[in-house]
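# An overview of the molecular structure
As a plain string of letters, each chain reads:
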Amino acid sequence: MHHSGATAVVELEPLGHRLHYVRWILDALPPAERLLLVSSSVAGAPEFAEYLGGAGAETVVLDAEDHGAAIAEALDTATARGADHLVVPDGDKAVRPLLRALVRGSLGRSRPRRPRVTVLLMRTALPGGPEAATVGMALKPALVAALRRLPGVRVHFLTDAFGVVTRRPGFPGVTPVRDPVAPPSEPIDPPRTGDRVRVGIIGVISARKNVPVLLRACVTRPEVDVVLAGRCEPDVRDALATDPAAARLRAEGRLAVDDRLLDDAEFDAALRSLDVAAVLHDNDAPSGIVAESCARGVPVLGPDRGWIATVLDATGCGVKARVDDPADVADALDRLLAERDHYVAAARKAGADLGTEDFVGVLLGDRE
């Protein structure tokens, strides 16, 4: 089918927030202008049914399995379908193959007009920060600069949902797009009361979420219950099966684990059930869970460095701790609980400024 005037959106990986981001973009387009290009792994993932099953977009499953080849195929498919615009909302691994495909295409003759291209970088960390340095991390700024020089190409970076960080070192001229977080449809619950305290990690739970540290920090606090809700990666499952702190918390009825993909209503209910959201990873990237917590008036127990620490400083919505030190995490939790009403109020204030308009508006740009 020819899709003159359409916007093609490509996504090759299903995990995390990725397909939710795709849905925000598609929902902002007229149904006749929605063209979705996905890998076979995305098409077969439960997240696809959850977030994109009712999106009303024509969906093309790309043949290529290799990421680089799939990006080139997506560009060719969007061009062949007559799409005006190709949006890559998960663009970090797409920079090199897009650059290669666009340069090759510019050298050819008698080719159909390619669509405009908009790329969103979700990770813009550089060596020297809290994350382990990689070769790709060092090369990315130069590749992004080259991509931005091509006609009809726009590159943005994903900033936090509050717009705290507006520039990224090493990426001059790359402008921010706020992480999209829609305020919940139901009113924010009043602060929880009672003798028990529920501290939890919500969403996809990987090793970088530092689950063992949280368990060891809470095991000596008899009033604290730990909640893990969301699909756990295998290394987390292994830790839960072998960690002595997990065994003790489980034996005392203080550990609740719901290891599965949560739909939107379940995610909302799980986050609302918490007194404190634990976001104990210090990577140099924005955190959707911090914003989702603020949207529900839930304060955050976070890291003492990295992007999340910057957001906590700017919004006052939580307390920071060294994420590799269970004792320091426990002390930070004590400080937060001692003034929880103050942090709840700060979280609510920060949450009032959330939305999806910036994300959708900047990525779609003008739709001539």
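Here's a quick rundown of the structure. Here the structure is a predicted model, which is why all the values come from computation and not from measurement.

This part takes up the packing of helix α7 (residues 211-218) against helix α13 (residues 326-338). Where α7 meets α13, the axes come as close as 8 Å, and the angle between the chain directions of the two elements is 60 degrees. Pair α7 / α13 crosses with right-handed handedness. Residues Val-213, Arg-216, Ala-217 and Cys-218 of α7 touch α13, and the partners they reach there are Pro-326, Val-329, Ala-330 and Leu-333.

The next thing to look at is the sheet that holds strand β1 (residues 7-11). Two strands in a sheet stick together by hydrogen bonds in their backbones, pointing the same way (parallel) or opposite ways (antiparallel). Ordered in space as β3-β2-β1-β4-β5-β6-β7, the 7 strands form an open sheet in which the pairing is parallel. One side of each edge strand has no neighbouring strand; the edge strands of this open sheet are β3 (58-61) and β7 (175-178). Each adjacent strand pair in this sheet contributes to an overall mean axis angle of 25 degrees, direction not counted. Of the strands in this sheet, β1, β2 (34-38), β4 (85-88) and β6 (153-159) touch helix α1 (residues 18-27), which is tilted by about 175 degrees from β1.

With that settled, the discussion passes to the sheet that holds strand β9 (residues 224-229). As summarised here, the arrangement of the 6 strands in space is β10-β9-β8-β11-β12-β13, forming an open sheet in which the pairing is parallel. Of all the strands in the sheet, the pair left with one neighbour each is β10 (255-258) and β13 (318-321). Neighbour to neighbour, the strand axes of the sheet diverge by 25 degrees on average, direction disregarded. Relative to strand β12 (residues 300-303), strand β11 (residues 276-278) runs parallel, the two being bridged by 2 bridges. Following the sheet pairing, Ala-278 is matched in β12 by Leu-301.

What counts, and at which threshold
- Residues numbered from 1 in each chain as written.
- Predicted model: local features only at pLDDT ≥ 70, side-chain atom pairs only at ≥ 80, totals over all residues.
- Heavy atoms only, no water.
- Axes fitted to C-alpha atoms, helices over the stretch in contact; angles between N-to-C directions.
- Helix = DSSP H or I, 4+ residues; strand = E, 2+ residues; numbered from the N terminus.
- Left-handed = near helix turned anticlockwise from the far one by under 90°.
- Contact = heavy atoms within 4.5 Å.
- Pairing = 2+ DSSP bridges.

Worth remembering: the numbers are spatial, not functional.
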